[in-house]
Amino acid sequence: TTLGLVTTSLALHAPSQVAAAVKRYANAADYQVLIAMIDENVNQSLQNCINELKSQRVDKVIINVPLESSDAEQIVQENDDILCLFLDVDPYSAVFNVSFNPADGTRASVKYLYEQGHREFALLAGPEESVSANLRLKSWLDTLESYRLKPVSFSHGNWDAQSGYNGVLQLLREAPEFSALLVGNDQMALGVLSALHQRGVAVPGQISVIGYDDTYESAFFHPALTTVSLDLDLQGKEAVARLLLASEQDEQRSSSILPAKLVVRSSTG
Ligand code: IPT
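Each value, and the rule that gives it
- Residues numbered from 1 in each chain as written.
- Predicted model: local features only at pLDDT ≥ 70, side-chain atom pairs only at ≥ 80, totals over all residues.
- Heavy atoms only, no water.
- Near = heavy atom within 4 Å.
- Polar contact = N/O pair within 3.5 Å; in protein donor to acceptor, adjacent residues only side chain to side chain.
- Areas by Shrake-Rupley, 256 points an atom, 1.4 Å probe, with all protein chains shown as cover.
- 1 Å grid on protein atoms, 1.4 Å probe; cavity = no way out; pocket = protein on both sides within 12 Å on 5 of 7 lines; lining within 4 Å.
- Sits in = over half its atoms within 2 Å of the grid points.
- Helix = DSSP H or I, 4+ residues; strand = E, 2+ residues; numbered from the N terminus.
- Nonpolar A, V, L, I, M, F, W, Y, C, P; charged D, E, K, R; others polar.
- Pairing = 2+ DSSP bridges.
- Axes fitted to C-alpha atoms, helices over the stretch in contact; angles between N-to-C directions.
- Points joined across faces, edges and corners; volume = space filled by probe spheres on them.
- Salt bridge = Lys/Arg side-chain N within 4 Å of Asp/Glu carboxyl O.
- Buried < 20%, exposed > 50% of the residue type's maximum accessible area, 1.4 Å probe, protein only.

What am I meant to see in the site of the ligand here?
In the region of the ligand, the neighbouring residues are Thr8, Leu12, Ala14, Pro15, Leu87, Asp88, Ser132, Arg136, Trp159, Asn185 and Asp213. Within the side chain of Arg136, one N or O atom sits 2.9 Å away from an oxygen atom of the ligand. In isolation the ligand exposes 390 Å². Once the protein is present, 95% of that is buried. More than half of the atoms of the ligand fall within 2 Å of the grid points belonging to the largest pocket. Where the shell around the ligand is concerned, the elements lending two or more residues are α1 (13–28) and α5 (131–146). Class assignment for the residues of the shell around the ligand results in five nonpolar, three polar and three charged.

Quick look at the structure:
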């Protein structure tokens, strides 16, 4: 009657929205949720968090921590007394997962900007250690290449608004001539909008900005953010449903890939 959620920092909007959904859908199915948040500051390990949950007799665990496929497989092998479902792995990895297609929304973003006439693109990706940040980056690059384009500059942030603020200032110093900026998530895009506003750069007049996630606040940024929408509520719902089904019938471990869709608002033109 209890399931576990191991999550990356809940100070980030996307994982906190997923945690809220997991709790809501689990409660609706008469399950309690125990949350263990990895504290990256003290280098706490994922195994440590899993052990914490096991000591409270949890045997079904949702893991929302960015993991390379080999690391996720190792976690599964070393914890065969529990059932693990992953939310932040390569969708095509062998482990039981519910994740987002990393290519459809990114492709749609580049295509949309290209069709609006943009040719000079800058990229501000998420952290180098994140599988999904790298899959998004790869898809941007592949799509640009299909138009015979290369980004005029690119950089990495760490998902938070401050890193978006610093990141765009660095991009402007390196190659000020871009007219379109693709950002790895909405929180970084928030920092980007703030920095551009302070520099007197018009969005979308001089630079069009596209984010990624479409968390609840993104429609209220100024200008309202064009972004790739992940249905994080649905991810939480699917994760709970599939985990509970699989714990009843062992053959039911079916993973699922959810779509990511471009939502056009006012930060692009
Ligand atoms: C991913 C978000 O897109 C990003 O904004 C950040 O919050 C990150 O999670 C934290 O790990 S979504 C994830 C399910 C790939």
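Is there a simple way to explain the sheet that holds strand β8 (residues 180–183) in this structure?
As a general point, the strands of a sheet are linked pairwise by backbone hydrogen bonds and lie either parallel or antiparallel. Ordered by their spatial adjacency, six strands build an open sheet running β7-β6-β8-β9-β10-β12, and the pairing between neighbours is mixed. Every interior strand has two partners, whereas the edge strands, β7 (153–156) and β12 (260–263), have only one. Neighbouring strand axes in the sheet, compared pairwise and without regard to direction, differ in orientation by 15° on average. By the bridge criterion, four bridges tie strand β6 (residues 121–125) to β7 in an arrangement that is parallel. By the bridge assignment for β7, Leu123 is matched with Phe154.

Looking at this model, I keep getting lost on the layout of surface pockets. Mind explaining?
Vacant regions in the atomic arrangement are exposed by a probe of water-molecule size rolled over the atoms. Each pocket or cavity is described by its volume, and for the largest pocket that value is around 760 Å³. Considering the residues around the largest pocket, the lining is formed by 34 residues, among which Thr8, Pro66, Asp88, Ser130 and Trp159 are closest to the centre. Mapped onto the lining of the largest pocket, the elements with two or more residues apiece are α1, β5 (98–100), α5, β9 (208–213) and α8 (232–248). For the lining of the largest pocket, the class distribution of residues is 16 nonpolar, 12 polar and six charged.

Could you clarify how one ought to interpret unusual backbone geometry in this entry?
Trans is the common state for peptide bonds, and a negative phi is the common state for residues other than glycine. Pro204 follows Val203 through a cis peptide bond whose omega is 10°. With respect to the helices, strands and loops of the structure, Pro204 is situated in the loop between α7 (186–198) and β9. His222 connects to Pro223 through a cis peptide bond whose omega is -5°. Tracing the sequence through the fold places Pro223 in the loop between β9 and β10 (226–230). The backbone of Arg57 sits at a positive phi, close to 60°, despite the residue not being glycine. One non-glycine residue with positive phi stands out, namely Asp213, at about 130°.

Could you clarify how one ought to interpret the pattern of salt bridges in this entry?
Charged atoms that come close allow side chains of opposite charge to pair. Summed over the entire model, instances satisfying the criterion amount to seven salt bridges. A salt bridge links Lys138 to Asp142, with the nearest nitrogen and oxygen atoms 2.8 Å apart. Linking Lys138 with Asp142, this pair stays in helix α5, spanning four residues, or about one helical turn. Owing to a relative accessible area of 38%, Asp142 belongs among the partly exposed residues under this scheme.

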